[in-house]
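Next come the chains, spelled out residue by residue.
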Amino acid sequence: MASAAPHRQEADEAIARAAALLPTEPDAAHAVAMKVLQRFPQDAGALRLLAKAMAAQGRPQEAAIARARAVQASRHDPRIVSAHQAVVAGELTKALEMLAPQIRAHPDDPVARLIEGQALLHSGRMAEALAAFEAALAFMPEYREARLGLARAHYQRFDPQAALAALEPLAGPDSKDLPLLHWKATMLAEAGEQRQALG
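It should be emphasised that the depicted structure is a prediction, and the values quoted were computed from it without experimental measurement.

Trainee: What is the right way to read the pattern of salt bridges from this model?
Mentor: Proximity of charged atoms lets side chains of opposite charge pair with each other. Per the counting criterion, the structure on display carries eleven salt bridges. Residue Asp108 pairs with Lys52 through a salt bridge whose shortest N-O separation is 2.7 Å. Taken as a pair, Asp108 in the loop between helix H6 (92-105) and helix H7 (110-122) and Lys52 in helix H3 (residues 44-56) lie far apart in primary sequence, 56 residues in all. Each of Arg48, Lys52, Asp108 and Asp109 takes part in salt bridges that share partners, so that together they form one network.

Trainee: I'm lost on the confidence of the model for the protein chain in this one. Help?
Mentor: Residues shown with low pLDDT carry predicted positions that ought not to be read at fine detail. Residues at a pLDDT of 70 or more form 93% of the protein chain, whose mean pLDDT is 91. Within the protein chain, the element-level pLDDT minimum falls on helix H11 (residues 178-198), averaging 76, and the maximum on H7, averaging 98.

Trainee: Please clarify how H6 should be interpreted in this entry.
Mentor: The α-helix winds at 3.6 residues per turn, so residues separated by three or four positions along the chain end up facing the same way. Given a rise of 1.5 Å per residue, 14 residues ought to cover 20 Å, and the 20 Å separating the end C-alpha atoms of H6 matches this to within 8%. If you look at H6, its biggest bend is around 35°, right at Leu99, and the proline Pro101 turns up within four residues after that. Leu92, Ala95, Leu96, Leu99, Gln102 and Ile103 are the residues of H6 that are buried. Lining the buried residues of H6 we find helix H5 (78-88) and H7.

Each value, and the rule that gives it
Residues numbered from 1 in each chain as written. Predicted model: local features only at pLDDT ≥ 70, side-chain atom pairs only at ≥ 80, totals over all residues. Heavy atoms only, no water. Salt bridge = Lys/Arg side-chain N within 4 Å of Asp/Glu carboxyl O. Helix = DSSP H or I, 4+ residues; strand = E, 2+ residues; numbered from the N terminus. pLDDT = per-residue confidence, 0-100. Expected span 1.5 Å × (residues − 1). Bend = angle between axes of the 7 residues up to and from the residue. Buried < 20%, exposed > 50% of the residue type's maximum accessible area, 1.4 Å probe, protein only. Contact = heavy atoms within 4.5 Å.

Take a look at the structure:
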């Protein structure tokens, strides 16, 4: 039986070429994504391409579904699973080293960027953590874990106002998440104290 590796490489190259078409030819990019998904139905890169193409085609609800599928696919990638386990174990340098090739090849992978952000946050590298969480949200603005990470990074930089801004899509007036609302109230109080001190 022939190895799937050459076909996998061809698919990655096709996805990379199609990504360049997104601004002007989203229909062509969509077609490439669908073709790759016929052979590799859980390919995270093809799902990300599909989500971007659908967004460019003016299909926001379908794009959101494709983004969610892309996240689920990445969450099952053994390399990302291993990096997450390293973060949980406190092996932060190891986690970042494991993630580096994935992020170089797929800088728009929101799960890889989320775990990178978590490792950087726990390492005290706040500015880099912010950039990682923002990269995850650039692909998927509704990514709850990345938004919480962004808020935590701002909060740990003693910037409750920026943390509140990051948290707002999750803790709006319709939210019923009591722990999140309590954290928001705490930050509102701290932001008020900061403004009073500056005034």
